[in-house]
Amino acid sequence: MAFSAILAVFLAASAVLNFWFVSRGKVVNAVIFLFAVILFIPPEAVGLISGSPYSTSGMVNVSMAGYDALILFFCLVVTRKLHIRTISLTALIVLGCCTVIILMRLCVDGAGALSNKMVDNYLLPMLAAISMAKVLKPSEMPKLLKYIYVFILMNAAVACVELVIKQSLFFDSYYLNTVGWYKGTHNIYRTDLQFRGTALLGHPLVNGIYYVLGIVYLYNKIIPKNNVRLMIFKGVQFALLLGGIISTNSRGALLIFAVYTVVFLYTNKKIGNLLLLFMCAVILIIALDFDKIYSMMFARDVSGDSAMVRFKALEVFTKMPLETLILGEGFNKVSAVLSQYDIAGNFEISYLIIMMEIGIIGFIFWVISAITMYNPKMAKTVGDIKAKSMINGMLACFLLLAATSNSIGDPGTLNFMFWAMLAFSRVLSKEEQISLPDNMLETNVRVF
């Protein structure tokens, strides 16, 4: 296990801070701190704290978000904010599914199952979700979501700067020495291709998902119609998030952003805005040379190789032995297996990666746990957010984007956000009388 003096200091500070917040009844502040760690300390930069690169083979080198989630859980248990004896049926099902996945991997893979991916992709995100679903209140959600959004917006601003300077603003030297994919990202602009921003979130495709989630929040934030100043400020935020999406050079993020925008305007009966958007699109198509724009942004794939990798992945997946598909190959053997089919790395489709690693049986239990955690009976409006529309929109965009890349298939902290959104659906389904300003509606939400 990777350990260093800096890591010890971080863990001590995290323990003190979490215990302080929890013991004083400010659990939401502890959760906000967890998301600050998730959104400002990328897993790829963990080596700066733990002393070993995140991807070091044969070593459990958990992300800082993973450590903080575990510390928060223990603080909640110690202070009796989270009672193990009164754990809900939902939590038992989620933990049971996670246990089955872990036991399957231990039986099939042995000690190789104990890895960053098992801890950061499955165990700790589920544990964090159970904790948040149990202790958070609906009235705290506007504050929590606002902070998460501000953290994402700050990352988008950093990504926009990186698009100009063509390197990571904070981790350039470290990434060049330790992160394989960043070396290509760093030098790609020298061949007249667009540099892909990493910000404080790590991989550009991970960035793209977060910026789309930021767009979903922005669209579902209630702003008084006649407040010109707030409308202008909203426009500035939109520009930053769109710039962040462009900086990722992710066609998937751009496509999902565009589709969600159209669906949101249509379902909210903003036909005038939708027609204006259509007219702007027509004008842009006439006025701009899209072949040149495409070549500038996506010339890395003029040949279509990126798309073909995904089609080939689907073809290869159907040719895998039945035993491999059912039980999975584990976290350390997949690359060797795929190399036999002329695929370097992984499938590039998150769901295929998950099924290849933990098997179809493990994937089914993962899906069951996610469905169990989700509660569709959310409040429509809480505070100044359209809660149900926002969470459902975030989940839909997240799951669609995961199908276009290896975002939640690779080890990292993105799964914390996925499970957090599921937990938020639970929180927003609790019964609580919320005190709101005169110009807001009071909302009753159901019990978890």
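Just above sits the structure.
To keep things clear, this report deals only with the structure shown in the data block.

What counts and what doesn't
Residues numbered from 1 in each chain as written. Predicted model: local features only at pLDDT ≥ 70, side-chain atom pairs only at ≥ 80, totals over all residues. Heavy atoms only, no water. Disulfide = S-S within 2.5 Å. Core = buried A, V, L, I, M, F, W, Y, C linked by side-chain atoms within 4.5 Å. Buried < 20%, exposed > 50% of the residue type's maximum accessible area, 1.4 Å probe, protein only. Helix = DSSP H or I, 4+ residues; strand = E, 2+ residues; numbered from the N terminus. Contact = heavy atoms within 4.5 Å. Axes fitted to C-alpha atoms, helices over the stretch in contact; angles between N-to-C directions. Parallel < 35°, antiparallel > 145°, perpendicular 65-115°, else oblique. Left-handed = near helix turned anticlockwise from the far one by under 90°. Nonpolar A, V, L, I, M, F, W, Y, C, P; charged D, E, K, R; others polar. Phe/Tyr/Trp six-rings, centres within 6.5 Å; stacked < 30°, edge-to-face > 60°. Polar contact = N/O pair within 3.5 Å; in protein donor to acceptor, adjacent residues only side chain to side chain. Salt bridge = Lys/Arg side-chain N within 4 Å of Asp/Glu carboxyl O.

All told, the structure shown has 0 disulfides when counted by the stated rule. There is no disulfide at C98, and the cysteine sulfur nearest it, in C97, is 8.8 Å away.

The next point concerns the nonpolar core. By size, the foremost hydrophobic cluster in this structure holds 129 residues, and its most contacted members are F35, L144, Y210, F347, W366, W419 and F424. Top contributing element to this core by residue count: helix α6 (residues 116-135), with 12 residues. Apart from the residues lying within four places of it in its own chain, the contact partners of F35 are M132, L144, I148, F151, M417, A420 and F424. In this structure, A45, Y175, V179 and Y182 belong to the second largest nonpolar core, which totals 8 residues.

On to the packing of helix α7 (residues 141-165) against helix α20 (residues 414-427). Contact geometry for α7 and α20: axes closest at 12 Å, N-to-C directions at 160°. By the criterion of interaxial angle, the relationship of α7 to α20 is roughly antiparallel. Considering the relative orientation of α7 and α20, their crossing is left-handed. For the pair α7 and α20, the contacting residues are M141, L144, L145 and I148 in the first and M417, F424 and V427 in the second. Across the contact of α7 with α20, the residue classes tally to 7 nonpolar, no polar and no charged.

In this structure the tally under the stated criterion is 19 aromatic pairs. Judged by centre distance (5.9 Å) and plane angle (10°), the rings of Y219 and Y260 are stacked. Highlighted residues: Y219 in helix α10 (residues 204-219) and Y260 in helix α12 (residues 251-267), separated in sequence by 41 residues. Neither residue differs from the other here; Y219 and Y260 are each classed as buried.

The next subject is the side chain of S369. If you trace the backbone, S369 turns up in helix α18 (residues 350-373). Of note is the side chain of S369, whose polar atom sits 2.6 Å from the backbone oxygen of W366. When sequence neighbours within four positions are dropped, the list of residues in contact with S369 reads V94, C97, M126 and W419.

To continue, consider the pattern of salt bridges. Within the structure shown, the criterion is met by 3 salt bridges. Here K117 makes a salt bridge to E357, at a shortest N to O gap of 2.7 Å. Remark: E357 occurs in helix α18 and K117 occurs in helix α6; sequence separation between them is 240 residues. Across the pair, exposure class does not vary: K117 and E357 are buried alike. A salt bridge links E315 to K319; the shortest N-O distance between them is 3.2 Å. With E315 and K319 both in helix α15 (residues 305-319) and 4 residues apart, this pair spans about one turn of that helix.

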